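Chain and residue survey
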Amino acid sequence: MNTEKAQRHNERMKRHKKIVDEKIDNANIEQGVVIVITGNGKGKTTSALGTLLRSLGHGQQCALVQFIKGQWDCGETHFFADNNISHNKESSKGTSETGNLVTYTMNTGFTWNTQDFDKDKLAAEEVWKQALPLFSDPECNLIVLDEITYMFKYKYLDINDFITVLNNRPRHQNVIITGRAAPEELIEMADTVSEIRPVKHAFNQGIKAQEGIEW
Ligand code: ATP
Ligand code: MG
């Protein structure tokens, strides 16, 4: 790069650093966050799992609550169970007293196929009831609520009750919510919201869903 160009680049970087440093200085509130990962593109659940891994890596207590039946065969579920990282409240498989991750899964009811309102609502309420004590447990650092947005969409759970629970949780606790069509009220109250936009998906080009990528 010629000297004039290099000098201009350095000056731009200096100005950029000043702005970033100011932002860092101003961000000094210590509290947990509510993160929403929504949109129609691929990467919502896997993003939440990445953060879960990050949190577990720091030795934090975490919970994974899955609101859609049929995800138990996922690679991550096997990984957590096989490595004694997780213990499921319902099943004895992969039970560990030492693991930092507790999992709750909707074992009955809602799948894309059942479409039985009463049964699905009951199943949603059941898993929500099991997970509720997490929101008053100061030891729990991170709660992932995977696909919970559909529970509000179909009116299985009440969005206002849910927001009240979020607002009253321990101050340092982090919560990640995934699923398409996140309700407006949730977007409003959350601290971080990312919308994943589908630019392309292999499925639409006829490429088969595959182990290790889709589940
Ligand atoms: P992932 O679990 O891979 O992060 P996701 O949580 O963003 O995906 P979901 O809406 O939960 O997406 O759907 C899960 C499944 O649907 C995955 O197998 C994913 O590859 C697939 N999928 C996600 N987005 C699309 C899309 N735009 N078109 C087709 N299939 C999709
Ligand atoms: Mg998902």
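For the structure, see preceding data.
All residue numbers refer to positions counted from 1 along the written sequence of the respective chain. Naming scheme: in the order in which they are written, chains are lettered from A and ligands are numbered from 1. It should be noted that, the model being predicted, local features are given only for residues of pLDDT at least 70 and side-chain atom pairs only at 80 or more, the latter also being counted only at that level, while totals for whole chains, interfaces and linings use all residues. Note: side-chain values were computed over all heavy atoms of the structure, leaving out hydrogens and water.

1. Some details on the packing of aromatic side chains
Pairing of aromatic side chains here covers Phe, Tyr and the six-membered ring of Trp, requires ring centres within 6.5 Å, and sorts the geometry by plane angle: under 30 degrees stacked, over 60 edge-to-face, intermediate tilted. Scanning the entire structure with this criterion turns up six aromatic pairs. Ring centres 6.1 Å apart and planes at 65° place the aromatic pair Phe-79 and Phe-80 in the edge-to-face group. Given a relative accessible area of 43%, Phe-79 falls into the partly exposed group. One aromatic cluster in this structure is built from Trp-128, Phe-135, Phe-152 and Phe-162. Exposure classes here rest on a 1.4 Å probe applied to the protein chains alone. A residue is buried below 20% of its type maximum, exposed above 50%, and partly exposed in between.

2. A closer look at the site of ligand 1
As a matter of local geometry, ligand 1 sits amid 13 residues, with Lys-42, Gly-43, Lys-44, Thr-46 and Glu-214 nearest to it. Identification of polar contacts relies on pairs of N or O atoms within 3.5 Å, with a donor-acceptor requirement for protein atoms, meaning one able to donate a hydrogen and the other able to accept it, and with residues adjacent in sequence counted only if both atoms are side-chain atoms. Contact between ligand 1 and Lys-44: an oxygen atom at 2.7 Å from a main-chain N or O atom of the residue. In this structure, an oxygen atom belonging to ligand 1 sits 3.2 Å away from a side-chain N or O atom of Glu-214. Protein coverage of the free-state accessible area of ligand 1, which is 570 Å², stands at 79%. Near residues are defined by distance, with any heavy atom within 4 Å of the molecule or strand qualifying the residue. Note that accessible areas follow from Shrake-Rupley with a 1.4 Å probe, and for residues the cover is restricted to the protein chains shown.

3. Topic: the coordination of the magnesium ion (ligand 2)
Donor atoms are limited to N, O and S found within 2.8 Å of the metal ion, a distance that becomes 3.2 Å for Na, K and Ca. With water left out, some sites might look partial. Protein-derived coordination of the magnesium ion (ligand 2) comes from Thr-45 (OG1) and Glu-147 (OE), at a distance range of 2.1 Å. Placement of the pair is Thr-45 in helix H2 (residues 44-57) and Glu-147 in the loop between strand E5 (140-146) and helix H5 (149-153), with a sequence separation of 102 residues. Judged by its relative accessible area of 11%, Glu-147 is buried. Numbered from the N terminus, helices here are DSSP runs of H or I no shorter than four residues, and strands are runs of E no shorter than two.

4. Re the nonpolar core
Residues belong to a common nonpolar core when they are buried Ala, Val, Leu, Ile, Met, Phe, Trp, Tyr or Cys residues joined through side-chain atoms within 4.5 Å. In this structure, Phe-67, Leu-134, Leu-145, Phe-162 and Ile-177 are the most contacted members of the largest nonpolar core, which totals 34 residues. For this core, the elements supplying multiple residues, two or more each, are strand E1 (34-38), strand E2 (61-66), strand E4 (101-105), helix H4 (117-131), E5, H5, helix H6 (159-167) and strand E6 (174-178). Among the nonpolar cores identified, the runner-up in size contains 13 residues, and Ala-48, Leu-52, Leu-142 and Ile-176 belong to it.

5. Regarding the environment of Thr-178
Inspection of the secondary structure puts Thr-178 in strand E6. Under the relative-accessibility criterion, Thr-178 is labelled buried at 0%. A sequence separation of 28 residues divides Thr-178 from Tyr-150, and the C-alpha atoms of the two residues are 9.5 Å apart. Of the polar contacts made by the side chain of Thr-178, one reaches the side chain of Asp-146; its length is 2.6 Å.

6. Thoughts on unusual backbone geometry
Non-glycine residue Asn-84 carries a positive phi angle of around 55°. Structurally, Asn-84 is set in the loop between helix H3 (75-82) and strand E3 (86-88). Judged by its relative accessible area of 43%, Asn-84 falls in the partly exposed class. Notably, Ala-181 is not glycine yet its phi reads approximately 50°, a positive angle. Residue position: Ala-181 is located in the loop between E6 and helix H7 (184-189). The partly exposed category is assigned to Ala-181, whose relative accessible area is 48%.

7. Quick notes on the pairing of E5
Counting buried positions along E5 yields six of seven residues, so the element is predominantly enclosed. When E2 meets E5, the two strands line up parallel, connected through six bridges. The residue of E5 that forms the bridge with Cys-62 is Leu-142. Inspection of the sheet shows E5 paired to E6 by four bridges, in the parallel sense. Considered in E6, the bridge of Leu-142 is made with Asn-174. At least two DSSP bridges between two strands are needed for those strands to be called paired.

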